[in-house]
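The residues making up each chain are set out below.
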Amino acid sequence: MAKEWRLLPLRVDDAFTSMAIDEALLRLNAGGKSLNTVRFWRWLPSTVSIGCFQSVEREVDLEVAKRYGVDVVRRITGGGAVFHDHDGELTYGFVCRQDDMPDDIIESYRLICGGLVGGFERLGLRAEFKPVNDIQANGKKISGSAQTRRWGSVLQHGTILINPDVRRMFELLKVSPEKISDKFIASAYERVTTIERELGRKPSFEEVRKAMSEGFADALGVRLVEGELTKEELELAAKLKPKYASDEWLRKR
Amino acid sequence: MGYAEFKAPKGVIKVEVELSNDIISDISISGDFFMYPEEAIEQLERVLVGTKANRENLLAAVRAFYSSTRARTPMIEPEHWVEAILRAAGG
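These numbers were taken from a predicted model, which means no experiment stands behind them.

A look at the overall build of chain A
Phase 1: Looking only at helices and strands, chain A has ten helices and twelve strands in total.
Phase 2: Whereas a compact globule of 253 residues would reach a radius of gyration of roughly 18 Å, chain A reaches 17 Å, a difference of no more than 12%.
Phase 3: Per-residue burial over chain A gives 47% buried out of 253 residues.
Phase 4: Sequence-distant contacts in chain A: of pairs separated by 6 or more residues, those separated by 24 or more amount to 76%.

Topic: the sheet that holds strand E5 (residues 71–74) of chain A
Residue and element names in this part refer to chain A.
Phase 1: On the basis of which strands lie adjacent, the open sheet formed by three strands has the order E5-E4-E6 and mixed pairing. Both edges of this open sheet fall to E5 and strand E6 (82–84), since each of them pairs with a single strand only. The sheet shows a mean angle of 25° between the axes of neighbouring strands, direction not considered.
Phase 2: Relative to E6, strand E4 (residues 47–50) is paired through three bridges, and the arrangement is antiparallel. Of the residues in E6, the one forming a bridge with Ser49 is Val82.
Phase 3: On the sheet, helix H1 (residues 15–30) packs against E4 and E5 and is oriented at approximately 25° with respect to E5.

Remarks on the interface of chain B and chain A
Phase 1: Taken together, the contact pairs 14 residues of chain B with 15 residues of chain A.
Phase 2: Classifying every residue of the side of chain B that touches chain A by side-chain character gives seven nonpolar, two polar and five charged.

Some details on helix H9 (residues 231–245) of chain A
Residues and elements named next belong to chain A.
Phase 1: Under the 1.5 Å per step criterion, the end-to-end length of H9 is 22 Å for 15 residues, consistent within 8% with the ideal 21 Å.
Phase 2: The largest bend in H9 amounts to roughly 30° and is located at Lys239, with the proline Pro242 lying one to four residues further along.
Phase 3: Every buried residue of H9 is listed here: Glu233, Leu236, Ala237, Lys241 and Tyr244.
Phase 4: Looking at the packing, one finds that the buried side of H9 touches H1, E5 and helix H10 (247–250).

Things to note about the environment of B:Leu48
Residues and elements named next belong to chain B.
Phase 1: Within the secondary structure, Leu48 sits in helix H1 (residues 40–48).
Phase 2: Residue classification places Leu48 among the buried positions, given that 23 C-beta atoms sit within 10 Å.
Phase 3: Not counting residues up to four positions away in its chain, the partners in contact with Leu48 are Ile24, Ile27 and Ala61.

Focus on the environment of B:Leu19
Residue and element names in this part refer to chain B.
Phase 1: Its location among the elements puts Leu19 in strand E2 (residues 12–20).
Phase 2: Through-space distance from the C-alpha of Leu19 to that of Thr51 is 9.7 Å; in sequence the pair is 32 residues apart.
Phase 3: In contact with Leu19, other than residues within four places in its own chain, are Ile24, Ser25, Ala53 and Ala89.

Focus on the pairing of E4(A)
Residue and element names in this part refer to chain A.
Phase 1: Here E4 shows two buried faces, one formed by Thr47 and Ser49 and the other by Val48 and Ile50.
Phase 2: As paired strands, E4 and E5 are joined by four bridges and run parallel to one another. If you follow Val48 over to E5, its bridge partner there is Val72.

Looking at the packing of helix H2 (residues 55–69) of chain B against helix H3 (residues 78–89) of chain B
Residue and element names in this part refer to chain B.
Phase 1: In the contact formed by H2 and H3, the axes pass within 9 Å of each other and the chain directions differ by 135°. In terms of orientation, H2 lies oblique with respect to H3. Between H2 and H3 lies a crossing of right-handed hand. Residues Arg55, Leu58, Leu59, Val62, Arg63 and Tyr66 of H2 lie in contact with H3, whose contacting residues are Pro78, Trp81, Val82, Ile85 and Leu86.
Phase 2: Across the contact of H2 with H3, the residue classes tally to nine nonpolar, no polar and two charged.

Observations regarding the nonpolar core
Phase 1: Formed by 75 residues in total, the largest nonpolar core has its most connected members in A:Val208, B:Val15 and B:Ile85.
Phase 2: By size, the runner-up hydrophobic cluster in this structure holds 13 residues, among which are A:Val70, A:Ala81, A:Val82 and A:Leu172.

Parameters and conventions
- Residues numbered from 1 in each chain as written.
- Chains lettered and ligands numbered in written order.
- Predicted model: local features only at pLDDT ≥ 70, side-chain atom pairs only at ≥ 80, totals over all residues.
- Helix = DSSP H or I, 4+ residues; strand = E, 2+ residues; numbered from the N terminus.
- Rg over C-alpha atoms; globule rule 2.2 N^0.38 Å.
- Buried ≥ 20, exposed ≤ 12 C-beta atoms within 10 Å, placed from the backbone.
- Contact = placed C-beta atoms within 7 Å.
- Pairing = 2+ DSSP bridges.
- Axes fitted to C-alpha atoms, helices over the stretch in contact; angles between N-to-C directions.
- Nonpolar A, V, L, I, M, F, W, Y, C, P; charged D, E, K, R; others polar.
- Expected span 1.5 Å × (residues − 1).
- Bend = angle between axes of the 7 residues up to and from the residue.
- Parallel < 35°, antiparallel > 145°, perpendicular 65-115°, else oblique.
- Left-handed = near helix turned anticlockwise from the far one by under 90°.
- Core = buried A, V, L, I, M, F, W, Y, C linked by C-beta atoms within 7 Å.

Right under this line is the structure:
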């Protein structure tokens, strides 16, 4: 009988709540109080998340973010800046005991990202894992992930590009002065793709969530059982939220 | 204050460095790399302060950082940090 992991319902939250839930799940999983969990969420408002080693001033045009009402948050995971478009992006979160993952970092990414690759296949796309943390379809990035390991547990979260506004993404991210030129956007299209572009249609968030959940269950050899966040998890998340919303945390680097 | 970016096999390392008589007096490292555990980055910055900004001394300091913290940085080697720092230091 396969091990049971928890699958949470699709949530829509602001950036600070989502990051706080991730950390709460990681802490409580490490403390033996939360099940291994897979979840999916959307961001409201749209948000730029930056990696924990990135300098916000160097990576994000804060004036543009303000103008569009886009939140900016620092993650506890490394990696790069991501534009989480409310209408075109789905994020997954994954928390489990370190013992349930390979110790090797790239191998653990390979295992978790293997679930996403299976999910893309269920949607009708051929995708492959590109170490350390990317998934490509047709040689272009369609998903990126970031992982942290703390207190004996692993948190990995990542972006699934359904049909984000790529032009807005490059306005928000400080890539280079010519970033919003048509030429630059064209070259970005050579490197980044979306589910809508590859599939020729935009699947619903639920359809993507279902495909990816099945992919995860398959790749991990576990049974995902629908569940809810516990009172303890929600209470801890509420306590952690102010840190993510603080200017001190955002400008840490 | 010198600044440079260096594209490692995985991630861009961004370094801001201040020198006093060829010795690092302040350094700030940022970028889209991965490091486990994450707080080791502060230790890396600490061991670099006081180090002479030449390849040999920097490499020794970065290697000592890896062996004392057991930090893991997928697809980033000591040489990559050193290269980024040397560029920021202007030599």
